Amino acid sequence: EPEVTQTPSHQVTQMGQEVILRCVPISNHLYFYWYRQILGQKVEFLVSFYNNEISEKSEIFDDRFSVERPDGSNFTLKIRSTKLEDSAMYFCASSHGRSLYNEQFFGPGTRLTVL
Amino acid sequence: QQQVKQSPQSLIVQKGGISIINCAYENTAFDYFPWYQQFPGKGPALLIAIRPDVSEKKEGRFTISFNKSAKQFSLHIMDSQPGDSATYFCAASSNNDMRFGAGTRLTVKP
């Protein structure tokens, strides 16, 4: 069964550094998303991406964050000038379409720890 | 602010009992209401979803009840099993912007 994959599973970085989190969405999906989940808290929407551009973003997705689909398979989240409060589990998700059939399939997550 | 409020925060149910989790939303533009199940160390997985043009949807032991006028919806798990023990998140979505509730940690005791 196709699945969303994410690498690395755990990333440790120093405050102020840049990190890139990588995702490989399901191959025939057209919409891509990033979410974060601070330990023990709710899942928070960051951004959705379609047709090579951002379609929606939340207030969390400030100018330190960027997303890119550099090739036909990868979808990346870059965080510049990382802060302690960026420490969280980051989930990538993808869906074939939107609206009623917008089942989003989530990857296993990347745990980001900022020291 | 687009918010989804979920309760209770945690729930303990005996095996065979009914688990009920409630959610309320504010933004009437939401047009898709999924429930996700999350096991420790895993990403959320879609359990069941509903659109606002129906009041109830049932899939196996899982039922969503939806009250559009009250802007509330709930998940009912019938005949709860220990394997249902997980964290459940309600969510509401419009235009690919999905907002999650705070989650309910369900424990089903054998």
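Residues numbered from 1 in each chain as written. Chains lettered and ligands numbered in written order. Predicted model: local features only at pLDDT ≥ 70, side-chain atom pairs only at ≥ 80, totals over all residues. Heavy atoms only, no water.

Residue and element names in this part refer to chain A. The 4 strands are arranged 1-3-8-7 in an open sheet whose pairing can be described as antiparallel. A single partner strand is all that each edge strand has here, and the edge strands are strand 1 (5-7) and strand 7 (65-68). Each adjacent strand pair in this sheet contributes to an overall mean axis angle of 20 degrees, direction not counted. Bridge count for strand 7 against strand 8 (residues 75-79) is 4 bridges, and the pairing is antiparallel. Bridge pairing in strand 8 links Val67 to Leu77. (Pairing = 2+ DSSP bridges. Helix = DSSP H or I, 4+ residues; strand = E, 2+ residues; numbered from the N terminus. Axes fitted to C-alpha atoms, helices over the stretch in contact; angles between N-to-C directions.)

The figure often quoted for interface size is the accessible area lost as the parts come together. Each side of the interface is counted separately: chain A has 22 residues, and chain B has 20 residues. Both faces considered, chain A and chain B share a buried interface measuring about 1900 Å² in area, 50% of it formed by carbon and sulfur atoms. Where chain A meets chain B, there are 1 salt bridge. Between Glu59 of chain A and Arg99 of chain B there is a salt bridge, with the nearest N and O atoms lying 3.5 Å from each other. The interface formed by chain A and chain B contains 1 residue pair in polar contact (both at pLDDT 80 or more). For the side of chain A that touches chain B, the secondary-structure elements that each account for two or more residues are strand 4 (31-37) and strand 5 (43-50) of chain A. A class-by-class count of the residues in the side of chain A that touches chain B yields 9 nonpolar, 8 polar and 5 charged. (Contact = heavy atoms within 4.5 Å. Buried area = accessible area lost by both parts, 1.4 Å probe. Salt bridge = Lys/Arg side-chain N within 4 Å of Asp/Glu carboxyl O. Polar contact = N/O pair within 3.5 Å; in protein donor to acceptor, adjacent residues only side chain to side chain. Nonpolar A, V, L, I, M, F, W, Y, C, P; charged D, E, K, R; others polar.)

Here the focus is the confidence of the model for chain B. Looking at chain B, pLDDT values average 92 and 97% of them are 70 or higher. Ranking the elements of chain B by mean pLDDT puts strand 10 (residues 97-100) of chain B last with 84 and strand 8 (residues 72-77) of chain B first with 98. (pLDDT = per-residue confidence, 0-100.)

Residues and elements named next belong to chain A. Among the 8 residues in strand 5, 7 count as buried, and that is most of the element. Both strand 4 and strand 5 contribute to a ladder of 7 bridges, which runs antiparallel. From the neighbouring strand, Tyr33 faces strand 5, where its bridge partner is Ser48. As consecutive antiparallel partners, strand 4 and strand 5 are separated by 5 residues, and within that stretch Gly40 has a phi angle of approximately 80 degrees, a positive value. Bridging between strand 5 and strand 6 (residues 53-57) involves 4 bridges; their strand directions are antiparallel. Bridge pairing in strand 6 places Tyr50 opposite Glu53. Taking the residues between adjacent antiparallel strands as the criterion, strand 5 and strand 6 are bridged by 2 residues, where Asn51 takes a positive phi near 55 degrees. (Buried < 20%, exposed > 50% of the residue type's maximum accessible area, 1.4 Å probe, protein only.)

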